[in-house]
Amino acid sequence: MSYPYQIESYEAYQSAWKQSVEDPEGFWGKVAEHFQWRRKWDKVLSWNFRDPDVKWFEGGRLNITENCLDRHLERYGNYPAIIWEPNHPDEHHRVLTYQQLHFKVNQFAHVLHNNGVRKGDRVCIYMGMIPELAIAVLACARVGAIHSVIFGGFSAQSIADRLQDAQAEYIVTCDGAFRGGKDIPLKSVIDDALIACPFVKRTIVFTRTRTPVSMIKGRDVWWEDEIHKVETLGNPPFPAVEMDAEDPLFILYTSGSTGKPKGVVHACAGYMVYTNYTFVNVFQYKPGEVHFCTADIGWITGHSYIVYGPLSAGATSLMFEGIPTWPDAGRFWDIVDKFRVNILYTAPTAIRSLMAFGLGPLQGKQLDSLRVLGTVGEPINEEAWQWYNEHVGKRNCPIVDTWWQTETGGVLISNMAGVTPSKPTYATLPLPGVEPLLVDEHGQEIKGNNVSGNLCIRSPWPSVIRTTYGDHERCQKNYFSAYPELYFTGDGAMRDENGFYRITGRVDDVLNVSGHRIGTAEVENAINMHAGVVESAVVGYPHDIKGQGIYAYVIFSEMHGDEELTRRDITSTVSRIIGPIAKPDKIQFVKGLPKTRSGKIMRRILRKIAEGETENLGDTTTLLDPSVVQDIAKGRLTH
Ligand code: WTA
């Protein structure tokens, strides 16, 4: 496999970018020719950002799994597609060649089909990081079902909300998942979720942890039994279902500034072309290399750069079940050496948490196979960038700082490893097909360099969000209405003297905690579920390891136990409602919240206090009761 569309020099990047914005149809039409289509498209692109209505490769017919699996078989069938490293270093790793992965995806596609799953049906996948998760995802795509993967850290309530929103009738899960020293009982969480979801017809359960589970007759079946049935029939191949280019491939829920997560919908063809293109170009993947993306497939990064991008490119994708710090903080480095990893793609929060252990865990590790390092998910601070460069890359590996979002499907702004210039803490330049711009709060474009503003994108790239599931208006309102005719990212950015972009963080009420997106309104809703809570307000504050921590101001009615116990009660409520990832780091009990006369909470003030500023809180004269601010500032939590 070689990639005719791989860009190999800065000049080539510049001319590709120019061509891509002047003639997007010509540009992407040419890239798309290198994929396997059942029927070629009639039109490369038609769009408007008003509705929005975006169609790429209209009239084209395909199945993404033929591009990720079948087309590699003849020449690369014995190449490793997935290398899987288990949580516990003493357990054996697994390697699935393209041939084997193809076989397993076909088997499981039969299982899905035998259990009633058809084209367009929604299948929720709630599993740990095991190869069967990738197999389930691909099997859905093969039968034309729409997968919706839910990260293993979400609670039963969050799962139920998502199942209801997607009206998902099928679930694929595990008895449990191993993560570090923990054993998470996934099936039992699903059982709790299903109390509120009587429409679910089938759950298919894979055995991983041997945790006891309750299997309900008529609803729950074992993965292994179902596979056995396919084996008895002699494992016939499963003919991939032909999909329209614009048919939905998956839904992935993500947080916005409202209390309810949105189901971001991606379409088959555009998503395939763009994740492949960006995988090959950003990381400059060379056939035979091992690509290790440390994300969970429950997030977009795992979808695009563990599963679809690498596999559509015939690459070897390494999947890791565990966490970077267990059994010790050398776990990543051991994996890199064990499999001679060439590309390591991780999050700043992981880098910072490893930095905190000092250089000890790096001692005796070779890391000489590494060629490219990548980061994603949040702004990387200078110190973490330098540490990554110095101690992991040994100043020998370009670092790609890849900026993108669940809604963008693939990387939009990033340097290309060793091909375009890098600059610490800067995502740098837009990839071909991407036209970023900065606007002020009135929607006026801010031109020139050395400026900052709200980051927007002018025209569609192939994997732009198509809709929010079941509610197109919400998609329009969220992304395409703040600035007419533009896609608004929700991020702020600056552009330096070279035109390089640096993403400064969210400008809406979305937090980024350890690279996970969480809406403040979601956390507030969860806190308010606690019986004693009258009202709450949540803001982010800078956190050394997580990037942002969650600071909650809570008005509590009657304290029965001590404050500390009540804090723990609230935390466990949030865990129960959303999941452990949304637990507040700090809870301050307050008597009142700073509100304007119209009843709006002045978050700006709360944010300042959470950040440690207690003096210059700005204008408080418009507040209903300015004195609450002093009380809050006095009671600020410092630890
Ligand atoms: C942030 C993750 C700075 C940003 C792929 C964005 C980043 C949000 C970067 C999307 C980066 C992602 N530099 N910030 N390289 N990458 N972000 O949807 O705020 O989980 O809007 O997608 O993460 O998070 P999401």
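Fair warning: this is a prediction, and the values are worked out from it, not measured in the lab. (Residues numbered from 1 in each chain as written. Predicted model: local features only at pLDDT ≥ 70, side-chain atom pairs only at ≥ 80, totals over all residues. Heavy atoms only, no water.)

Colleague: Explain the side chain of R517 residue by residue, including any values.
Modeller: For R517, the location among the structural elements is in strand β28 (residues 516–519). Within the local environment of R517, its side chain forms a polar contact with the side chain of T254, the two groups lying 3.4 Å apart. A distance of 2.9 Å separates a polar atom in the side chain of R517 from the backbone oxygen of S255. Residues within four places of R517 in sequence aside, it is in contact with T254, S255, Q405, T406, E407, R506, V510 and L511. (Helix = DSSP H or I, 4+ residues; strand = E, 2+ residues; numbered from the N terminus. Polar contact = N/O pair within 3.5 Å; in protein donor to acceptor, adjacent residues only side chain to side chain. Contact = heavy atoms within 4.5 Å.)

Colleague: I'd like a description of the environment of G377, backed by residues and values.
Modeller: Mapping G377 onto the fold places it in the loop between β19 (372–376) and α13 (382–392). Linking G377 and V513, residues 136 residues apart in sequence, is a C-alpha distance of 9.6 Å.

Colleague: Tell me about the pairing of β28, residues and numbers included.
Modeller: Neither face of β28 is left uncovered, since the one carrying H516 and I518 and the one carrying R517 and G519 both have all their residues buried. Between strand β27 (residues 510–513) and β28, which pair antiparallel one after the other, the connecting turn spans two residues, and S514 there sits at a positive phi close to 50°. (Buried < 20%, exposed > 50% of the residue type's maximum accessible area, 1.4 Å probe, protein only. Pairing = 2+ DSSP bridges.)

Colleague: Give a description of the site of the ligand that names residues and reports values.
Modeller: Close contacts around the ligand come from 17 residues, with D401, T406, D491, R506 and R517 the closest. G377 places a main-chain nitrogen or oxygen 3.1 Å from a nitrogen atom of the ligand. For the ligand, whose accessible area on its own is 520 Å², the fraction buried by protein is 97%. Looking at the shell around the ligand residue by residue, the classes come out as six nonpolar, six polar and five charged. (Near = heavy atom within 4 Å. Areas by Shrake-Rupley, 256 points an atom, 1.4 Å probe, with all protein chains shown as cover. Nonpolar A, V, L, I, M, F, W, Y, C, P; charged D, E, K, R; others polar.)

Colleague: Now, about the pairing of β27: what can you tell me, with residues and values included?
Modeller: In β27, alternate side chains face the same way, and those of V510 and N512 on one face and L511 and V513 on the other are all buried. Across four bridges, the pairing between β27 and β28 is antiparallel. From the neighbouring strand, N512 faces β28, where its bridge partner is R517.

Colleague: Account for the packing of helix α2 (residues 24–32) against helix α9 (residues 268–282), with residues named and values stated.
Modeller: Remark: α2 packs on α9, axes separated minimally by 10 Å, with the N-to-C direction vectors making an angle of 85°. One finds that α2 runs roughly perpendicular with respect to α9. Residue-level inspection shows F27, W28, V31 and A32 of α2 in contact with α9, the latter providing V273, Y274 and Y277. Considered class by class, the residues forming the contact of α2 with α9 number seven nonpolar, no polar and no charged. (Axes fitted to C-alpha atoms, helices over the stretch in contact; angles between N-to-C directions. Parallel < 35°, antiparallel > 145°, perpendicular 65-115°, else oblique.)

Colleague: How would you sum up the state of the cysteines? Please name residues and give values.
Modeller: On inspection of all chains with the given rule, the structure shows zero disulfides. A disulfide-free cysteine, C197 has its sulfur positioned 9.2 Å from the sulfur of C124, the nearest such atom. A residue is classified by how much of its surface remains accessible, and C197, at 2% relative accessible area, is buried. (Disulfide = S-S within 2.5 Å.)

Colleague: Talk me through α2; I want residue IDs and the actual numbers.
Modeller: Helical periodicity: at 3.6 residues per turn, an α-helix aligns residues three or four positions apart in one direction. Among all positions in α2, only F27, W28, G29, V31 and A32 are buried. Buried residues along α2 sit against α1 (10–22), β1 (43–48), β2 (53–58) and α9.

Colleague: Just give me the short version of the pattern of salt bridges, but keep the residues and values in it.
Modeller: For the structure shown, the criterion picks out 42 salt bridges. Residue E33 is joined to K40 by a salt bridge in which the shortest nitrogen-to-oxygen separation is 3.9 Å. When its relative accessible area of 49% is taken as the criterion, K40 is described as partly exposed. As a salt-bridge pair, R340 and D368 come within 2.9 Å of each other at their nearest N and O atoms. On the criterion of sequence distance, the pair formed by R340 in the loop between α11 (331–339) and β18 (343–346) and D368 in the loop between α12 (348–355) and β19 is long-range, its members being 28 residues apart. The class of R340 is partly exposed, set by a relative accessible area of 43%. What makes D368 partly exposed here is its relative accessible area of 49%. Through salt bridges with shared partners, a single network forms among R38, R61, E66, E242 and D244. (Salt bridge = Lys/Arg side-chain N within 4 Å of Asp/Glu carboxyl O.)

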